[in-house]
Amino acid sequence: MKKYVLGLDAGSVSLSAVLVDKTGRMISHHSFHHEGNLKKALLTLEGKLNLQELGSIALTGRPGSRAVHTLFVDSRMACIRSAKERFPEVSALLLVGGEQFSLIRFDKNGDYESVRTNTSCAAGTGSFLDQQAGRLNLSGSAELSRVALENRDEPPLVATRCAVFAKTDLIHAQQEGYSLSAISEGLCRGLAKNLVDTLFKEEEISGSVLFTGGVSANESVSRNIASLIPSVLLTDPLGQYQGALGAALSLLNASGTVGEENFDSLYQDERTDKTDFYPPLELLLSDYPDFQSYRSWEQPIEGRKGQPFVEVDLYRSLPETLDCYLGIDIGSTSTKAIVCDLEGEVYGGFYTKTSGRPLEALQALFEAISLAALSENSHLFIRGSGTTGSGRKFIGKLIEADIVLDEISAHARAAIELDPHVDTILEIGGQDAKFTTLKNGRVTLSVMNNVCAAGTGSFLEEQAARLGLTVKDYAGMTEGERAPRVSDRCTVFMERDINHQLSEGCTVSEVLTAALHGVRENYLRKVAVTGAIGNKIFFQGATAKNKSLVAAFEQKLKRPILVSPFCHLTGALGAALTLKDEAVLSDSFPGLDLYKADIPVRQEVCGLCGNHCKLTVADLKDKSLAFGFLCGRDYNTESYVNTNTSGWNLMKERRRLDTGLQKSLQRDEREAGDDLTIGIPDALHLVEDRAYWQVFFRDLGIRTIHSAGMKDAVSRGKPLTGSEFCAPVSSLFGHAAALLEKADYIFLPHYQERKTGKEGESRKFCYFTQFSASLVAQAVTKERCLMPLAATRYSSFQLKGELLRVLQALPGRQFSFLQISAALDKAEEFRRLQKEALLDLFTKNRSESVDVLLLGRPYTVLPEGMNKGIPDIFGNLGIRVFYQDMVDIEGNFSNIKGLLKEVNWNFADKILRAAEKVVQTDGLYPVFLTSFKCGPDSFL
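Conventions adopted
- Residues numbered from 1 in each chain as written.
- Predicted model: local features only at pLDDT ≥ 70, side-chain atom pairs only at ≥ 80, totals over all residues.
- Heavy atoms only, no water.
- Helix = DSSP H or I, 4+ residues; strand = E, 2+ residues; numbered from the N terminus.
- Contact = heavy atoms within 4.5 Å.
- Areas by Shrake-Rupley, 256 points an atom, 1.4 Å probe, with all protein chains shown as cover.
- Axes fitted to C-alpha atoms, helices over the stretch in contact; angles between N-to-C directions.
- Parallel < 35°, antiparallel > 145°, perpendicular 65-115°, else oblique.
- Nonpolar A, V, L, I, M, F, W, Y, C, P; charged D, E, K, R; others polar.
- Pairing = 2+ DSSP bridges.
- Phe/Tyr/Trp six-rings, centres within 6.5 Å; stacked < 30°, edge-to-face > 60°.
- Buried < 20%, exposed > 50% of the residue type's maximum accessible area, 1.4 Å probe, protein only.
- Lys NZ or Arg CZ within 6 Å of the ring centre and 35° of its normal.
- Left-handed = near helix turned anticlockwise from the far one by under 90°.
- pLDDT = per-residue confidence, 0-100.
- Salt bridge = Lys/Arg side-chain N within 4 Å of Asp/Glu carboxyl O.

**Describing the overall build of the chain**
Phase 1 of the analysis: Regarding its fold elements, the chain presents 30 helices and 36 strands.
Phase 2 of the analysis: Within the chain, counting contacts between residues at least 6 apart in sequence, those at least 24 apart form 70% of the total.
Phase 3 of the analysis: Surface summary for the chain: the accessible area is close to 42200 Å², and the carbon and sulfur share equals 49%.

Shown next as structure tokens:
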């Protein structure tokens, strides 16, 4: 007679098993890290069990695993079954496993209510934690927790958004002298915060939360989560076995018996099916360079831990003397330099690892350049230097660079030098990936990866290192190879899939090839705008030296992929060529001997203003240089510096205009009282109408405050939304919550539609914004929200009635219809004067050079927390910026709507050209700003 039910949880990282009897009592439990080889783990488990005693097997975890089973149970359902059996009082279940995490909520009756889970990213999972522990030479999450709990110092901030970015932060923390325990605590704290930020977005949980799953065994993570949430956190001592136990209990509940099946093995052996493999990787359409040079070698660099050598390529012999330009690209993982003559002919390329030490990497390059020139008996006279890359500003200051160029411009400049007809640039660097389109040599679109490094060079390097190989081994081992289909989502999941494929009989070459396909798929899905890919495609970045990766892109896009011999140096080449374009002849370069100098680097925080900029300071013999000032001041300037050189500040002038007009209308008004305050959020349609409503309330003797200048409204508002909304709607939640801390009531009028002034025409507002006031009121305090129907097709009489109705709720205030009418008439007068004044302000402040007109919805263009500082960026360039309501739309722009109707909305470049026909007739350049897609009306 059979005695037991076996519960199996075949997770992404480990195999967990429990043996229960017919009453559901757990007899034993086992857990094995399978590293993708589930077969080996199951066979190990067999050796610890008596299969003759098993009557049935319940399986949960990853669908499709080859474990023998009687019943398969959904993993979440299994966990709920086990948790509610042992912890019936909890209100929510925080489940964090090797690959997924989720927050399962129960209603007041203990029944399932909702679930929120992670995306296709491993940040916050057990696999992520195990991988980072391995980088710290710790055995796993358990040892990481033990070390973290020993910490007594302030831990460093560690990026837990991506495994590759976390690696960089770990390196930096080690270089800055943080102890192993502090770094471990930083990892656990960061992971806990990532979990809480992702899952705990809704209203507060009334009861306790059960923390379960494999990561619940990490006491440091548990402690940090408990400190971040208001609810009581209970930790499940059997968290690792939650799924297996729930599966076994579910089977018992369904069958009522342990069963009478016979099992010879726990594993179902099947042959690997290779029919779903990718085709072999071969270049069929593209010409590929051989990367041969006049001379090349690896120059040893002594005394610099992160830069043991520099790769040197001389493309032609160096003359006895050479007037030259030096372009430098300081990237997150590598630092590159190009030496070219004053006509742009490349003489040498230099490449080394950054290793978190951009200054030392620069000095290593300077040493290699000096030795290369010495080996050729040549003297280099550097007539101009330029920097690009993530460290461009710091290094640019250090070497007094003549130009400091952004990476997009640098790569585009290099590409058009190599082929003027290029229209698409695929660039994959060490930790970032960019997609750029060009037309007539000008950048028209640029996209960059954000929080995921799965489609980058570091991703490939990680996978090669795991297999005991280097990146250079890829090309020879993957050319002509087919590959299994694996995850392209994340370096952590890719590692799991590689382990699985190896256990299934795939060769090392096949899984390396699979990694290339994973990078390609990730890049095309998450970075590139596939509909914008043209016919002349350049592949740039060091990863383009991987011939098989280029073949992977060619196979997918079915177009030739162009690769330059300087593909790994194109950023530096672009900086050097820009020096040529500007005919720079300078003597500011401090000299290549800078590599001999001992330059200490330290960190500081500037306290001169609220920005609290984190500075990197390099101490030279005669001066200190710093990078990181948001205001642009020099290190020795003890005051905030205004870098706006245009002589015009759009936001400041608009505020000054509104204030002046309001004062001019105050002559017949009584002063606003101080006993009651109404807050007006500077968000959505109130951005445009805030001053209008201020005039209205002042005429009634009511004091108002507003939230203009708030920069964290979106981040503050998102947890209150309860759903996914665009940034403008989320910001309204944030503004309202902030104002409720200072005001008695919040003014949240409903905006439905507005008459345009033309017969039969009206402007309908975005559907989401139409009901946003009601959503915000529910998220904050509805009783303190004043919500009249303010913008409709009805007459002003209806609006006055709405305002009268709403304001009757104010305590101790009674208004007549005539008072409301008079106040609204005063506001309408303000609106008329404001419109005239804005047109006049534009006319009087036009410059004689280039001006820019910002087009877009007011609530994405005007608030400082929404426009990403774009008006200030133009101001720092000496360009005056205006907004569309400052121009005579009915006059100069009367045909813009008709022009936009003639183009297909799917093609933004056509819209730009249509708008340029109109805008540039008045000497302006249009810039469209919009934070979310909502159709052509965004630009009108």
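From this point on, the discussion continues.
**Structural notes on the packing of helix α4 (residues 141-149) against helix α7 (residues 219-228)**
Phase 1 of the analysis: Following both chains from N to C, one finds α4 and α7 inclined at 60°, their axes separated by 7 Å at the closest point. One finds that α4 runs oblique with respect to α7. When α4 is examined against α7, the residues Ser-145, Ala-148 and Leu-149 are found in contact with a partner set consisting of Glu-219, Ser-220 and Arg-223.
Phase 2 of the analysis: Partitioning the contact of α4 with α7 into residue classes produces two nonpolar, two polar and two charged.

**Topic: the sheet that holds strand β2 (residues 14-20)**
Phase 1 of the analysis: Here we have five strands laid out as an open sheet, ordered β3-β2-β1-β4-β5, and mixed in their pairing. Two strands lie at the open edges of the sheet, namely β3 (26-33) and β5 (71-72), each paired on one side alone.
Phase 2 of the analysis: Inspection of the sheet shows strand β1 (residues 4-10) paired to strand β4 (residues 54-61) by seven bridges, in the parallel sense. Residue pairing in the sheet places Leu-6 in a bridge with Ile-57 of β4.
Phase 3 of the analysis: Strands β1, β2 and β3 of the sheet are contacted by helix α1 (residues 38-46), whose axis makes an angle of about 30° with β2.

**Points about the packing of aromatic side chains**
Phase 1 of the analysis: In the structure shown here, the tally under the stated rule is 14 aromatic pairs.
Phase 2 of the analysis: Seen from their ring centres, Phe-366 and Phe-589 are 5.6 Å apart, and the 70° between their planes marks the pair as edge-to-face. Of the two residues, Phe-366 is situated in helix α9 (residues 358-375) and Phe-589 in the loop between α17 (570-581) and β23 (601-605); the sequence distance between them amounts to 223 residues.
Phase 3 of the analysis: By relative accessible area, Phe-366 is classed as buried at 1%.
Phase 4 of the analysis: Residue classification places Phe-589 among the buried positions, given a relative accessible area of 14%.
Phase 5 of the analysis: Through pairs of rings, three or more aromatic residues link up here, namely Tyr-692, Trp-693, Phe-696, Phe-697 and Phe-747.
Phase 6 of the analysis: Of note, Arg-520 hangs over the ring of Tyr-278, and the distance from its end group to the ring centre comes to 5.3 Å.
Phase 7 of the analysis: The lysine or arginine in question, Arg-831, covers the ring of Tyr-692, its NZ or CZ lying 3.9 Å from the ring centre.

**Let's talk about the packing of α4 against helix α6 (residues 180-199)**
Phase 1 of the analysis: Two numbers describe how α4 lies on α6: the axes approach to 7 Å, and their chain directions differ by 115°. Overall, the two elements α4 and α6 adopt an arrangement that is roughly perpendicular. Considering the relative orientation of α4 and α6, their crossing is left-handed. Contacts from Leu-144, Val-147 and Ala-148 of α4 reach α6 at Leu-180, Ser-181, Ser-184, Glu-185, Leu-187 and Cys-188.

**Considering the confidence of the model for the chain**
Phase 1 of the analysis: Overall, the prediction assigns the chain a mean pLDDT of 81, with 82% of residues at 70 or greater.
Phase 2 of the analysis: Here residues 892-911 is modelled with pLDDT under 50, and outside its nearest four sequence neighbours on either side it reaches 25 contacts, counting other chains as well.
Phase 3 of the analysis: A low-confidence stretch, residues 930-940 (pLDDT under 50), is modelled with 24 contacts involving residues beyond four sequence positions or located in other chains.

**Digging into the environment of Ile-561**
Phase 1 of the analysis: Within the secondary structure, Ile-561 sits in strand β22 (residues 561-562).
Phase 2 of the analysis: On the basis of relative accessibility, which here comes to 0%, the residue Ile-561 falls in the buried class.
Phase 3 of the analysis: Residues Ile-561 and Ile-537, spaced 24 residues apart in sequence, show a C-alpha to C-alpha distance of 5.4 Å.
Phase 4 of the analysis: Once you skip the residues sitting within four places of it in the chain, Ile-561 turns out to touch Ser-286, Asp-287, Ile-537, Phe-539, Val-550, Phe-553 and Glu-554.

**Observations regarding the pattern of salt bridges**
Phase 1 of the analysis: Counted according to the given criterion, the structure contains 37 salt bridges.
Phase 2 of the analysis: Note that Asp-581 is salt-bridged to Arg-413, the shortest N-O span being 2.5 Å. Here the residue Asp-581 occupies a position in helix α17, and Arg-413 occupies one in helix α11 (residues 407-418), the gap between them amounting to 168 residues.
Phase 3 of the analysis: Between Asp-885 and Arg-654 there is a salt bridge, and its shortest N-O distance comes to 2.9 Å. One end of the pair, Asp-885, is in the loop between β35 (880-883) and α28 (889-892); the other, Arg-654, is in helix α18 (residues 650-664), and 231 residues separate them in sequence.
Phase 4 of the analysis: Since its relative accessible area comes to 13%, Arg-654 is described here as buried.
Phase 5 of the analysis: Connected via shared salt-bridge partners are Glu-154, Glu-185, Arg-189 and Arg-223.

**Section: the pairing of strand β27 (residues 703-706)**
Phase 1 of the analysis: Here four bridges tie strand β26 (residues 677-680) to β27, and the two strands are oriented parallel to one another. From the neighbouring strand, Thr-677 faces β27, where its bridge partner is Arg-703.

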